There are 2 protein chains.
Amino acid sequence: MRPLFHPALEDIKPEAILYALSDPERVAIYAKLAGASGGGTCSALADLGDRVIPKSSLSNHFKVLRESGLIRSERQGVEMRNQTRCTELDERFPGLIRAILTAYGQLPGQPKTD
Amino acid sequence: MRPLFHPALEDIKPEAILYALSDPERVAIYAKLAGASGGGTCSALADLGDRVIPKSSLSNHFKVLRESGLIRSERQGVEMRNQTRCTELDERFPGLIRAILTAYGQLPGQPKTD
DNA sequence: TCAATAGTTCCGAATTTCTGAACTATGGAA
DNA sequence: TTCCATAGTTCAGAAATTCGGAACTATTGA
């Protein structure tokens, strides 16, 4: 398995962030991750309620989120811990992530409006 | 030619906005439009400096921007006037467009950082 | 060493994007 | 009215991307 790639903060591109978050499934995953305290595993986030995302699609979603710079993944034993890079990101693109999650009505603790 | 479709404000979806603005060419077009006073025509926005966008691609870019709710297009004689819907949009998704343009370093009047 | 679990990679099918060529709509000139 | 020029749209095939099942890899525990 090739090592996971994470872009350096200064290499993160707005187009990659927007592309990654232009898919509601990825937004749902990211929002859960932003809410979760422990660092979510892939399989813990596969269930969207109305549909269960296939493993390979899920793996790809995480790859897109990771390579865009939105999350950091690291292996912990048999599973993968994923966490958002939102503090860093807010430094590079102030207000961006919050505005996006607000638009989706997915800010942690916020009632869904869509 | 079929009539141009514009979504009602309440039908505008964040995923469509993010998708439309995940393409740097479309961002460049949108940013020019946000800066232009008159309402830009397609051909006036085709020249990106490093490349001239083909007519059909340009037409498609405008379609994506229009159907996502970012711009409004209306025929004025032989040409098309395009204008942003940013005031409306800011009402629906507060701060979103500004945060995105800031991330791209493309806010009107702002020096490019990327 | 073997089995179980978590996730990645591969690869073919389906979908989407891109763009040259043909077409449509409008306005002005003859 | 007819013809031409201009601005943009639509069509269609090629290229690129996405999706997801099946096979594979890595790690842990028995």
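Overview of the structure. (Residues numbered from 1 in each chain as written. Chains lettered and ligands numbered in written order. Predicted model: local features only at pLDDT ≥ 70, side-chain atom pairs only at ≥ 80, totals over all residues. Heavy atoms only, no water.)

What follows concerns the nonpolar core. Ile17(A), Leu70(A), Ile17(B), Leu21(B) and Leu70(B) are the most contacted members of the largest nonpolar core, which totals 56 residues. Mapped by element, the contributors of at least two residues to this core are helix H1 (14-20), helix H2 (24-35), helix H3 (55-68) and helix H5 (96-104) of chain A together with helix H1 (14-20), helix H2 (24-35), helix H3 (55-68) and helix H5 (96-104) of chain B. Excluding its chain neighbours within four sequence positions, the residues that come into contact with Ile17(A) are Ile12(A), Ser68(A), Leu70(A), Leu89(A), Phe93(A), Leu96(A) and Ile97(A). (Core = buried A, V, L, I, M, F, W, Y, C linked by side-chain atoms within 4.5 Å. Buried < 20%, exposed > 50% of the residue type's maximum accessible area, 1.4 Å probe, protein only. Helix = DSSP H or I, 4+ residues; strand = E, 2+ residues; numbered from the N terminus. Contact = heavy atoms within 4.5 Å.)

In many analyses, interface size is given as the accessible surface area lost on bringing the parts together. Between chain B and chain A, the contact holds 16 residues from the first and 16 residues from the second. Overall, the association of chain B and chain A removes approximately 1300 Å² of surface from exposure, summing both partners, and the carbon and sulfur fraction of that is 76%. When the area that chain B buries against chain A is broken down by residue, the three leading residues are Glu15(B), Leu18(B) and Ala103(B), summing to 33%. At the surface where chain B touches chain A, the tally comes to zero salt bridges. If you tally residues by element for the side of chain B that touches chain A, the top one is H5(B), at five residues. The residue makeup of the side of chain B that touches chain A, split by class, is 11 nonpolar, two polar and three charged. (Buried area = accessible area lost by both parts, 1.4 Å probe. Salt bridge = Lys/Arg side-chain N within 4 Å of Asp/Glu carboxyl O. Nonpolar A, V, L, I, M, F, W, Y, C, P; charged D, E, K, R; others polar.)

On to the relation of the copies chain B and chain A. Structural alignment of chain B on chain A gives an RMSD of 0.0 Å, achieved by rotating through 180 degrees and translating 0.0 Å along the axis. Taken together, the rotation and translation describe the operation of a two-fold axis. By residue overlap, the copies meet face to face through one surface: 100% of the interface positions of chain B are interface positions in chain A. (Least-squares fit on C-alpha atoms with pLDDT ≥ 70 in both.)

With that settled, the discussion passes to the protein's contact with DNA strand C. Arg2(A), Ser43(A), Lys55(A), Ser59(A) and Tyr19(B) are the nearest of the 21 residues found near DNA strand C. Near the protein, within 4 Å, the atoms of DNA strand C are sugar or phosphate in 65% of cases. A distance of 3.3 Å separates a sugar or linking oxygen of DNA strand C from a polar atom in the backbone of Val78(A). Mapped by element, the contributors of at least two residues to the surface near DNA strand C are H3 and strand E2 (79-84) of chain A together with H3 of chain B. For the surface near DNA strand C, the element with the highest residue contribution is H3(A), accounting for four residues. (Near = heavy atom within 4 Å. Polar contact = N/O pair within 3.5 Å; in protein donor to acceptor, adjacent residues only side chain to side chain.)

The next subject is the packing of H2(B) against H3(B). Each packed pair of helices is defined by two parameters, the angle between the axes and the distance between the axes. Residue and element names in this part refer to chain B. Interaxial distance between H2 and H3 falls to 10 Å at its minimum, and their mutual angle equals 70 degrees. Compared by their axis directions, H2 and H3 come out roughly perpendicular. Contacts between H2 and H3 pair Glu 25, Arg 26, Ile 29, Tyr 30 and Leu 33 from the former with Leu 58, His 61, Phe 62, Val 64 and Leu 65 from the latter. Residue classes in the contact of H2 with H3 are distributed as seven nonpolar, one polar and two charged. (Axes fitted to C-alpha atoms, helices over the stretch in contact; angles between N-to-C directions. Parallel < 35°, antiparallel > 145°, perpendicular 65-115°, else oblique.)

Residue and element names in this part refer to chain B. Structurally, the position occupied by Ser 22 is in the loop between H1 and H2. Among the residues examined, Ser 22 registers a relative accessible area of 11% and is labelled buried. Each C-alpha atom of the pair Ser 22 and Ile 100 lies 9.7 Å from the other, and the pair is 78 residues apart in sequence.

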